[in-house]
Amino acid sequence: APVRHHARTRRVGRSRRHLMPSARIPSFIESEFKTKVEYEAWVKSLDGSPALAPVPAAPAAGGSGGMMSEPDFWDKEKGAPLLRRNAGYLPAGEPLPESVAARVAGWPALCGAESPPEPPLEPCPIDEATERIFLRDAERTFADAGHRKRMMSLLARVWPATKDYHQGLGYITSLLLLVFDDETCERILLRLCREPQYTPGYWHAAPEAYVRDAMVYARLVAEREPEVSALLLQACVVPEAYVSKWFIGLCVHVLPFRALFPFVEAFLEHGHIFLFQFALALVGRVKDRLLTFKPTDVNLILEVLRLDGCQYADDLEGGGWFVSLIEEAKAVPLDPEQVAELREEEGQKLAEKQRRTREREAQMAAEDSDDEIVFSDEEDD
């Protein structure tokens, strides 16, 4: 069965149908709505209309409307986890640089997010378990309470598209909020989780689509970098253990911002194909280092594959090491038809594996039932 990459979300799937049979005002937006009627009206407005949005979209400034347009942003977010790999790309204490603003201004058009989503989102209330998870992820992202609330509100707006959640969605949501108003963020996120070109199914607690693509990645590595593939197999390092950092989290917290922004731009332009190109470029770049390790050096192998700061400092080669990696990734030859074929093959393998797992679980449950001790006072008369 697929590994749950966001363990805390397990409770969501099990408890969703029990916790909220009807709409309830989540505590993080209750100050915006005085009654359930108002909240239900907002839920019904989740077609992109900002009329009753729980946190009004920030006013556009410098063409972005994102958090960085706020004059006191840096005072509020000094030391925020999201900015740990900024490495000076967004100058502290200054507004969004014109070069960055010009770059991100083209992002909505790259993914077709210039207009409201079609079809509009169907109303879907949020359960208590999901609300708690949104809060914890917001606390792990921003330092300011208002910014946390804004992130949680946006996740609530997108929730009806997936009715599930993975931490990776919180990652890219927080990055977009730095530079866009809430409505633009919502439109981009909906394109990413709906359109086949991107990664629908990735932002689930048990993301089968991601597990399939991690298996496709392993096939491509075995084909192109057989020595690395052999090392990973000997070390029992499965792709699901690290590829999620690149595919689901879109390299937020992996790449310094100087490379992260072009990475996201390339993904918006080329879709999931670029994720495979990036993965292959990265493996090729760190191959020589990986092959110095023994199969028992599992921690070191993972540190390298995740591009952890202890292995690859943000200022490596003046930051150019990471930027050139993105350019190399764009040039990796990869046939989309081959990827589609591998996806089909690995999807069938995954489905069969899941079927066998369900059969074993049912058999074990039946055996447990047969072995149950029945006390005399429980026997039928």
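Residues numbered from 1 in each chain as written. Predicted model: local features only at pLDDT ≥ 70, side-chain atom pairs only at ≥ 80, totals over all residues. Heavy atoms only, no water.

Asker: Which residues make up the packing of aromatic side chains, and what values do they have?
Answerer: In this structure the tally under the stated criterion is 18 aromatic pairs. For the ring pair Trp-107 and Phe-180, a centre distance of 6.3 Å and an interplane angle of 50 degrees mean the geometry is tilted. With Trp-107 in helix H5 (residues 107-110) and Phe-180 in the loop between helix H8 (167-179) and helix H9 (182-194), the pair connects residues that are 73 residues apart, well separated along the chain. Under the relative-accessibility criterion, Trp-107 is labelled buried at 0%. The structure contains a cluster of three or more aromatic residues connected by ring pairs, namely Tyr-217, Tyr-242, Trp-246, Phe-263, Phe-274 and Phe-278. Arg-285 extends its terminal NZ or CZ atom over the ring of Trp-321, reaching a point 4.7 Å from the ring centre. Over the ring of Tyr-312 we find Arg-289; its NZ or CZ atom is 6.0 Å from the centre of that ring. (Phe/Tyr/Trp six-rings, centres within 6.5 Å; stacked < 30°, edge-to-face > 60°. Helix = DSSP H or I, 4+ residues; strand = E, 2+ residues; numbered from the N terminus. Buried < 20%, exposed > 50% of the residue type's maximum accessible area, 1.4 Å probe, protein only. Lys NZ or Arg CZ within 6 Å of the ring centre and 35° of its normal.)

Asker: Requested: an account of H9, with residues and values cited.
Answerer: The end-to-end C-alpha distance of H9, which contains 13 residues, comes to 18 Å, matching closely the 18 Å that a straight helix rising 1.5 Å per residue would cover. Of all 13 residues in H9, eleven are buried, a share of seventy percent or more. Inspection of H9 places Asp-182, Glu-183, Thr-184, Cys-185, Glu-186, Arg-187, Ile-188, Leu-189, Leu-190, Leu-192 and Cys-193 among the buried residues, and these make up the whole buried set. Those residues of H9 that are buried lie in contact with H5, helix H7 (145-162), H8 and helix H13 (257-270). The N-cap of H9, judged by a side-chain oxygen 3.1 Å from the amide nitrogen of Glu-183 a few residues on, is Asp-181. (Expected span 1.5 Å × (residues − 1). Contact = heavy atoms within 4.5 Å. Polar contact = N/O pair within 3.5 Å; in protein donor to acceptor, adjacent residues only side chain to side chain.)

Asker: So what about the nonpolar core? Which residues, and what values?
Answerer: In this structure, Leu-178, Trp-246, Leu-255, Phe-263, Phe-278 and Leu-307 are the most contacted members of the largest nonpolar core, which totals 111 residues. Once residues within four sequence positions are removed from consideration, Phe-278 is found in contact with Trp-246, Cys-251, Leu-255, Phe-263, Leu-325, Ile-326 and Ala-329. (Core = buried A, V, L, I, M, F, W, Y, C linked by side-chain atoms within 4.5 Å.)

Asker: Hey, could you go over the environment of Arg-219 for me, with residue numbers and the actual values?
Answerer: Tracing the chain through its elements places Arg-219 in helix H10 (residues 208-224). Residues Arg-219 and Glu-346, 127 residues apart in the sequence, show an inter-C-alpha distance of 9.2 Å. Ignoring anything within four residues of it in the chain, the contact list for Arg-219 reads Leu-342, Glu-345, Glu-346 and Lys-349. A polar side-chain atom of Arg-219 sits 2.9 Å from a polar atom in the side chain of Glu-345.

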